Amino acid sequence: QVQLVESGGGLVQAGGSLTLSCAASGSIYSINGMGWYRQYPGQQRELVARITSGGSTNYADSVKGRFTISRDNAKNTVDLQMNSLKPEDTAVYYCNAEVQRKPYVQWLEYWGQGTQVTVSS
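Definitions and limits used
- Residues numbered from 1 in each chain as written.
- Predicted model: local features only at pLDDT ≥ 70, side-chain atom pairs only at ≥ 80, totals over all residues.
- Heavy atoms only, no water.
- Helix = DSSP H or I, 4+ residues; strand = E, 2+ residues; numbered from the N terminus.
- Polar contact = N/O pair within 3.5 Å; in protein donor to acceptor, adjacent residues only side chain to side chain.
- Pairing = 2+ DSSP bridges.
- Axes fitted to C-alpha atoms, helices over the stretch in contact; angles between N-to-C directions.
- Salt bridge = Lys/Arg side-chain N within 4 Å of Asp/Glu carboxyl O.
- Buried < 20%, exposed > 50% of the residue type's maximum accessible area, 1.4 Å probe, protein only.
- Contact = heavy atoms within 4.5 Å.
- Disulfide = S-S within 2.5 Å.

Draft legend 1. Highlighting the environment of R50. Of note, R50 is situated in strand 5 (residues 46-51). Separated by 28 residues in the primary sequence, R50 and V78 place their C-alpha atoms 9.5 Å from one another. Of the polar contacts made by the side chain of R50, one reaches the side chain of N96; its length is 2.8 Å.

This is the structure:
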């Protein structure tokens, strides 16, 4: 099994900063892309930021210049540094990873349990 455990959510005032962290553990041979998604009540999850194993990144337009994603391949972790937070960033944030559990087997997608980020105005 593979587990993704997130930490770092909470309540912050507008303009403040938070860092979300996610650690993948379990039966892992290799991890390809890792990312953060968020979900507003009653809506589908949307991409916030994603990073490949080689370090290439992509961001949602709404967070460009404010959020930074990074990862540590040796530790199987991915972080999301969130600066200049806005009330519209309030959502549940989910960690995601594409994992290969053994060589030559298919890549599977795993999700964390989600962490609440609340930005007050």
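Next comes the rest of the description.
Draft legend 2. Representation of the sheet that holds strand 7 (residues 67-72). The four strands are arranged 1-3-8-7 in an open sheet whose pairing can be described as antiparallel. Sheet topology places strand 1 (2-7) and strand 7 at the edges, where each strand pairs with a single neighbour. Put simply, the sheet's adjacent strands are angled 15° from each other on average, direction ignored. Two elements, strand 1 and strand 3 (residues 18-26), share six bridges in a ladder whose sense is antiparallel.

Draft legend 3. Structural context of the pattern of salt bridges. This structure, assessed with the given rule, holds five salt bridges. A salt bridge links D89 to R38, with the nearest nitrogen and oxygen atoms 3.0 Å apart. Taken together, the residues span a long stretch of sequence, with D89 in the loop between strand 8 (77-82) and strand 9 (91-100) and R38 in strand 4 (residues 30-39) at a distance of 51 residues. You can call D89 buried: its relative accessible area is 1%. Relative accessible area serves as the criterion here: at 3%, R38 is assigned to the buried category. Salt-bridge contacts for R50 lead to E98; the nearest nitrogen and oxygen are separated by 3.5 Å. Of this pair, R50 sits in strand 5 while E98 sits in strand 9; the two residues are 48 residues apart in sequence, bridging distant segments of the chain. When its relative accessible area of 28% is taken as the criterion, E98 is described as partly exposed. Among the ionic contacts, a cluster of salt bridges with common partners joins R38, E46, R66 and D89.

Draft legend 4. Spatial organisation of the side chain of R38. At 3.0 Å, the side chain of R38 forms a polar contact with the side chain of D89. Side-chain polar atoms of R38 contact the side chain of Y93, separated by 2.9 Å. Excluding its chain neighbours within four sequence positions, the residues that come into contact with R38 are Q44, R45, E46, V48, S62, V63, F67, D89, A91, V92 and Y93.

Draft legend 5. Region of interest: the state of the cysteines. Within this structure, the stated rule accounts for one disulfide. Here C22 engages in a disulfide with C95; their sulfurs sit 2.1 Å apart. Of note, the bridge from C22 to C95 carries an S-S torsion of about -80° and is left-handed in sense. Remark: C95 occurs in strand 9 and C22 occurs in strand 3; sequence separation between them is 73 residues.

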